[in-house]
Every structure is written in C-alpha cells, then in structure tokens.
Number of protein chains: 2
Amino acid sequence: MQTLSQFMRTHPAGATLLKNGWGTNDFLDVSPKIYKPHSVICRQDDNDDTIFILKSGWAILYRGLLDGERQIIDTPLGGDIVGFRFVDGPRFASLASITELAVYEISRKALIDAVLSDGRLGNKIACSLARLNAILAEHLVNVGRRNAMSRTAHFLLELEERLSKVGLSDHGRYECPLTQHELADILGMTTVHVNRTLRELRKADLVSFKAGHVEVINRKKLVETAGFDKEYLR
Amino acid sequence: MQTLSQFMRTHPAGATLLKNGWGTNDFLDVSPKIYKPHSVICRQDDNDDTIFILKSGWAILYRGLLDGERQIIDTPLGGDIVGFRFVDGPRFASLASITELAVYEISRKALIDAVLSDGRLGNKIACSLARLNAILAEHLVNVGRRNAMSRTAHFLLELEERLSKVGLSDHGRYECPLTQHELADILGMTTVHVNRTLRELRKADLVSFKAGHVEVINRKKLVETAGFDKEYLR
DNA sequence: CGGTAATTTGACTGGAGTCAACTATTGTGG
DNA sequence: CCACAATAGTTGACTCCAGTCAAATTACCG
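Residues numbered from 1 in each chain as written. Chains lettered and ligands numbered in written order. Predicted model: local features only at pLDDT ≥ 70, side-chain atom pairs only at ≥ 80, totals over all residues. Heavy atoms only, no water.

Caption draft 1: Representation of the UniProt feature "domain: HTH crp-type" (unreviewed entry) in chain A in the model. UniProt feature "domain: HTH crp-type" (unreviewed entry): in the numbering of this structure it lies at residues 146-220 of chain A. Structurally, residues 146-220 of chain A comprises 55% helix and 17% strand, and the distance from its first C-alpha atom to its last is 18 Å. (UniProt positions renumbered as here; feature names shortened; annotations may be inferred. Helix = DSSP H or I, 4+ residues; strand = E, 2+ residues; numbered from the N terminus.)

Caption draft 2: Spatial organisation of the protein's contact with DNA strand C. Surveying the vicinity of DNA strand C reveals 16 residues, the closest of which are A:R196, B:Q180, B:N195, B:R199 and B:K210. Taking all atoms of DNA strand C within 4 Å of the protein, the share assigned to sugar and phosphate is 66%. Contact between DNA strand C and B:N195: a phosphate oxygen at 2.7 Å from a side-chain N or O atom of the residue. At 2.9 Å, a side-chain N or O of B:K210 approaches a phosphate oxygen of DNA strand C. Listed by contribution, the elements that provide at least two residues to the surface near DNA strand C are helix 6 (191-203) of chain A together with helix 5 (180-187) and helix 6 (191-203) of chain B. Looking at the surface near DNA strand C, the element that brings in the most residues is helix 6 of chain B, giving four residues. In terms of residue class, the surface near DNA strand C is made up of four nonpolar, eight polar and four charged. (Near = heavy atom within 4 Å. Polar contact = N/O pair within 3.5 Å; in protein donor to acceptor, adjacent residues only side chain to side chain. Nonpolar A, V, L, I, M, F, W, Y, C, P; charged D, E, K, R; others polar.)

Caption draft 3: Region of interest: the pairing of strand 8 (residues 101-107) of chain A. Residues and elements named next belong to chain A. Of all seven residues that make up strand 8, five are buried, and the element is covered over most of its length. Note: strand 1 (residues 33-35) against strand 8, three bridges, orientation antiparallel. Bridged to K33 within strand 8 is V103. Relative to strand 8, strand 3 (residues 50-56) is paired through six bridges, and the arrangement is antiparallel. Within the sheet, the bridge partner assigned to I53 lies in strand 8 and is Y104. (Buried < 20%, exposed > 50% of the residue type's maximum accessible area, 1.4 Å probe, protein only. Pairing = 2+ DSSP bridges.)

Caption draft 4: Summary view of the packing of helix 3 (residues 119-145) of chain A against helix 3 (residues 119-145) of chain B. Following both chains from N to C, one finds helix 3 of chain A and helix 3 of chain B inclined at 15°, their axes separated by 9 Å at the closest point. By the angle between their directions, the pair helix 3 of chain A and helix 3 of chain B is classed as roughly parallel. Between helix 3 of chain A and helix 3 of chain B lies a crossing of left-handed hand. Among the residues forming the contact of helix 3 of chain A with helix 3 of chain B, the class breakdown is 18 nonpolar, 10 polar and no charged. (Axes fitted to C-alpha atoms, helices over the stretch in contact; angles between N-to-C directions. Parallel < 35°, antiparallel > 145°, perpendicular 65-115°, else oblique. Left-handed = near helix turned anticlockwise from the far one by under 90°.)

Caption draft 5: How the structure looks around the protein's contact with DNA strand D. Around DNA strand D sit 15 residues, and of these A:Q180, A:N195, A:K210, B:A148 and B:R196 come closest. The protein-proximal atoms of DNA strand D, defined as those within 4 Å of the protein, are 66% sugar or phosphate. Contact between DNA strand D and B:A148: a phosphate oxygen at 2.9 Å from a main-chain N or O atom of the residue. Ranked by residue count, the leading element in the surface near DNA strand D is helix 6 of chain A, at four residues.

Caption draft 6: The UniProt feature "domain: Cyclic nucleotide-binding" (unreviewed entry) in chain A, seen in detail. Annotation from UniProt places "domain: Cyclic nucleotide-binding" (unreviewed entry) at residues 30-111 of chain A. Secondary structure content for residues 30-111 of chain A is 5% helix and 45% strand, and the end C-alpha separation is 13 Å.

Caption draft 7: Main features of the environment of A:E105. Residues and elements named next belong to chain A. One can find E105 in strand 8. Separated by 65 residues in the primary sequence, E105 and V40 place their C-alpha atoms 14 Å from one another. Those residues within four positions of E105 in sequence are excluded, and the remaining contacts are V30, K33, Y35, I41, T50, I51 and F52. At 2.4 Å, the side chain of E105 forms a polar contact with the side chain of Y35. (Contact = heavy atoms within 4.5 Å.)

Caption draft 8: Region of the structure containing the relation of the copies chain A and chain B. In the superposition of chain A on chain B (RMSD 0.0 Å, axial shift 0.0 Å), the rotation amounts to 180°. Read as a symmetry element, the transformation amounts to a two-fold axis. Looking at the interface residues of chain A, 100% of them are also at the interface in chain B, so both copies use one shared face. (Least-squares fit on C-alpha atoms with pLDDT ≥ 70 in both.)

Caption draft 9: How the structure looks around the interface of chain A and chain B. Listed per partner, the contact involves 51 residues of chain A and 51 residues of chain B. Of the roughly 4,400 Å² buried between chain A and chain B on both sides combined, carbon and sulfur atoms contribute 66%. Along the contact surface separating chain A from chain B lie four salt bridges. Between A:E138 and B:R63 there is a salt bridge; the shortest N-O distance is 2.6 Å. The interface formed by chain A and chain B holds 12 residue pairs in polar contact (both at pLDDT 80 or more) in total. Counting residues per element, the ones that place at least two in the side of chain A that touches chain B are strand 5 (70-74), helix 2 (108-117), helix 3 and helix 5 (180-187) of chain A. Among the elements that take part in the side of chain A that touches chain B, helix 3 of chain A stands out by supplying 22 residues, more than any other. (Buried area = accessible area lost by both parts, 1.4 Å probe. Salt bridge = Lys/Arg side-chain N within 4 Å of Asp/Glu carboxyl O.)

Structure follows, in structure tokens:
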C-alpha cells in the first residue's frame with residue numbers, strides 16, 4: 001500500500017501540496033485509511049488534532065448550523081489538506097466521504113514539528129493553504145454576488161478544472177457523485193431551485209448534469225454566463 | 001519608525017502571525033508604507049509579487065466582477081497577511097485602504113526564501129493562513145445560509161471579536177469606518193437592505209451602528225440571532 | 001456654504017424559497 | 001431476482017425576503 005511519502009512524490013497535483021525532497025520524514029510513512037461512502041471522518045466541535053490529506057475519492061467539508069441547515073465549505077479532492085488549524089481546539093467543520101475515500105491521517109503536532117524542522121515543508125503547506133484560500137474566496141464571491149444560474153454554472157466549471165488537475169475530467173466530461181441536495185448546500189440554495197436551475201442550464205444547451213455525469217455542451221457561453229476565470233485555480 | 005521585525009515582536013495579535021525568535025531576517029527590517037484613506041494598494045489581475053502585512057488601519061480585500069459588482073472578501077486588520085499566493089501570476093483580488101493605512105510590503109520571493117530557510121517562519125505563515133481560512137469559511141456560511149438579520153449581526157460580532165484582539169474594541173463598543181455600501185458588498189446584500197436591516201437591529205435593541213460607531217446593546221440576544229460562536233477566531 | 005457622498009424611506013417587483021405531491025432510481029433483504 | 005422501502009429528482013402553485021427604482025434627507029469635506 002502506498003505511503004503518504006510515496007503519494008506525495010507521484011501525485012499529479014503535486015503543485016497542490018508537497019512534491020519532492022522531503023520524503024525522509026518518518027511521519028510521512030503512513031498508509032492511507034479507507035472510509036466507506038457516506039461516512040463521517042471527523043465532526044465539527046470534536047477535539048482531536050488529526051490532519052487529513054486526501055488520496056482519492058470525493059468528500060465534503062461542511063459546517064452545520066444550529067437550525068439544522070448546513071453550508072458545504074469545500075469539496076476537497078486528492079492531494080488536498082483538510083483540517084489544518086492555526087491553534088489547538090475544537091474543529092471548525094465536519095468532513096464526510098461521498099464515495100469511498102482514501103485518506104492519510106497525521107497528527108497536527110507531528111506535522112508542525114516537521115514544518116519547524118524543514119522550511120520546504122512549511123512552504124508547501126503554506127502554498128496549499130493559499131490555494132484553498134483562493135478557492136474559498138471565489139466560492140464566497142459566487143454565493144454572495146452571482147445569481148442561481150451563473151452560480152451553478154461557475155461551480156460546475158470549477159469542478160471540471162479541479163478534476164482535470166488530477167486526471168478525472170476529460171474534454172468537458174466528468175463524473176460527479178454529488179446529489180442535488182449536496183449541490184444546494186454548496187451553492188447556498190434550496191434543492192428545488194438547484195433542480196430548476198440545472199434544467200435551465202440544460203435547456204439552454206450550456207451543461208448537462210444527469211445521473212452523476214456532467215458534460216459541458218457550450219463552453220464559451222457557459223464560461224460567459226458563469227463569469228468564470230480559472231486563474232484562481234492555477 | 002518601527003520595522004516589521006519590531007512590529008512582529010510587539011504586536012498584540014502575535015498569535016495571528018509571527019511572534020518571536022526570527023527577528024534576524026534581513027527582509028523584516030523594512031519600514032511601513034503609509035497610504036491615504038481610500039487609496040488602492042494593489043489591483044486584481046496585476047502581476048507584481050508584493051505581499052502585504054498590515055500594521056494599522058482599515059482595509060478591504062475585494063474581487064470585482066465583469067458586471068461592475070464586487071464582493072468584499074475580507075476586512076484585514078493589523079497583523080494580517082494579504083496577498084500570499086500559492087504560485088506566481090496575476091492577483092486574485094484588490095486591496096484598498098478605508099482609513100489611513102500602514103503596511104509592510106515584502107516581495108513574495110524574499111518571504112518564500114525566508115520560509116525555506118527557517119521552519120518557524122513557515123509555521124507562522126501557515127497558521128496565519130489557516131486562520132484566514134476559518135474566517136473565510138465562516139464568511140461563506142454567513143452569506144450562504146443566514147438571512148439578512150443574522151448575517152449582519154454575525155458580521156458585527158466578528159468585527160468586535162477581531163478588533164478586541166488588537167485592542168480596538170472595548171465592552172462591545174468600537175469604531176467602524178465602513179459605509180453601508182461597503183457593508184453590503186461584504187454581506188452579499190444591497191445597500192438599501194443593509195440600511196433596513198441595521199434599523200431592525202437597532203429597533204430590536206440588539207446593536208446600533210450609527211455614524212461609524214458600533215455598540216452591542218443586548219449581547220445575549222444578538223449572539224443568538226446571529227448564531228455566533230467565536231471559536232473560529234481563536 | 002455648496003456640492004458630493006452617505007443614509008433613509010416608500011412603493012413596487014421579482015428571484016428564490018416553501019409546501020406538497022408525484023415520479024424515478026437505487027439499494028436491500030427475503 | 002423480485003418486492004418494497006428509502007432516497008433522489010421533478011414539477012406546480014403560492015409566498016416572501018430581498019432587490020429595484022426613485023426621491024428625499026442628512027452628513028461630510030474642501
């Protein structure tokens with residue numbers, strides 16, 4: 001089974017995280033843990049200090065509100081770090097698998113020790129966090145300032161771009177295991193309205209999202225209605 | 001004039017960023033640059049590689065859309081890093097001063113070199129970015145899943161908490177130089193609706209925001225309607 | 001003081017939410 | 001392998017929160 005250190009050296013989205021030159025850290029020699037679809041990997045408010053690096057599969061990172069609603073913060077993919085906090089304390093968000101998920105788990109203390117002793121690691125982590133930052137910021141723009149149509153279009157384009165970095169998208173086609181309900185919690189809309197919006201997008205021959213399969217039909221018009229500029233994902 | 005390295009050692013929100021033990025880096029011996037109110041410090045899509053560390057004053061970090069709208073991503077305060085990107089390339093967002101602003105400016109290359117040679121710096125940067133992450137994520141939750149009332153209430157409480165960390169808030173009272181128009185661009189609402197919402201909050205004796213002065217009136221009820229839990233700002 | 005920017009208010013509109021029913025798909029145990 | 005339950009998707013009718021448009025009124029600044 002592939003260890004974290006091997007994964008890092010060979011992962012296509014190495015840019016996302018850490019690439020080479022520090023495969024000597026002991027803590028990297030861990031094997032991935034496998035989770036079943038729809039299992040909870042960690043819970044908001046829990047107090048453990050595990051940090052996760054996803055190897056493969058789909059997951060959602062979300063924050064639940066008191067009234068039972070939730071906002072999905074991100075859909076981390078292979079190579080992404082999840083749960084790195086600036087200080088000890090209860091978790092900010094929950095992480096759940098959508099598909100079967102392979103995850104490297106390391107303790108915050110171990111990672112920080114390694115960062116302290118090797119500047120290259122710190123740099124890689126910082127860069128990875130900066131990328132997450134850009135993704136979050138664009139997500140915020142999306143929810144705060146775009147209407148249902150362009151918001152949905154934008155998200156589907158972002159997914160395509162992110163998936164293509166890890167080889168999971170091809171010519172505007174990719175598999176997406178998210179339900180419309182999950183989509184709604186990502187986009188800050190209701191399930192019903194997501195449904196209607198997807199219908200509109202299909203009727204306008206922009207994208208189709210059917211049975212877990214996404215297909216970009218008219219990229220030019222789609223990018224236009226989304227106001228999408230992939231630069232932030234570089 | 002206080003250099004960056006001196007600032008870091010004495011800044012009250014040291015936790016936000018870098019505290020001690022690395023004041024020996026040359027690049028830290030820079031003086032802050034002073035900007036007038038309402039000046040643009042850097043522009044989205046520009047290609048310079050300066051990174052900013054705020055010393056004092058209010059600023060907004062925002063992203064403009066093609067249709068002329070904008071979403072304010074964050075209101076960075078003293079001690080916050082702005083503009084750290086994971087890779088070279090055009091800027092993601094613009095930074096503008098609201099009040100007079102003092103800013104330390106360093107080049108991305110210099111900062112990265114320093115990170116590479118000193119793990120402690122990398123750690124501090126990573127922690128600072130992780131904090132920004134949490135703030136962005138909560139901002140997203142706010143805009144995506146809370147209505148005008150609790151959204152506005154939540155933001156005012158977040159400001160209070162962040163300001164109190166740098167000694168700018170006292171017993172639920174603080175100065176806030178943001179206009180209602182800027183507030184609207186932060187909260188993903190219109191100016192008109194921000195105005196009405198602030199009136200509601202005042203009428204309900206929760207908070208008042210008048211003439212740049214914010215005052216928490218009934219904290220318990222305010223926290224409740226906001227669904228505010230300051231843990232993410234620790 | 002005069003002009004510009006910011007705030008406030010009212011009347012009206014509309015996009016997205018709510019409620020509710022129905023259909024399609026998936027998955028599971030007998 | 002089917003029956004049937006549970007989950008996911010779809011659609012219509014109606015509501016409402018927030019947006020739009022427009023016009024004061026007030027605060028700020030040179």
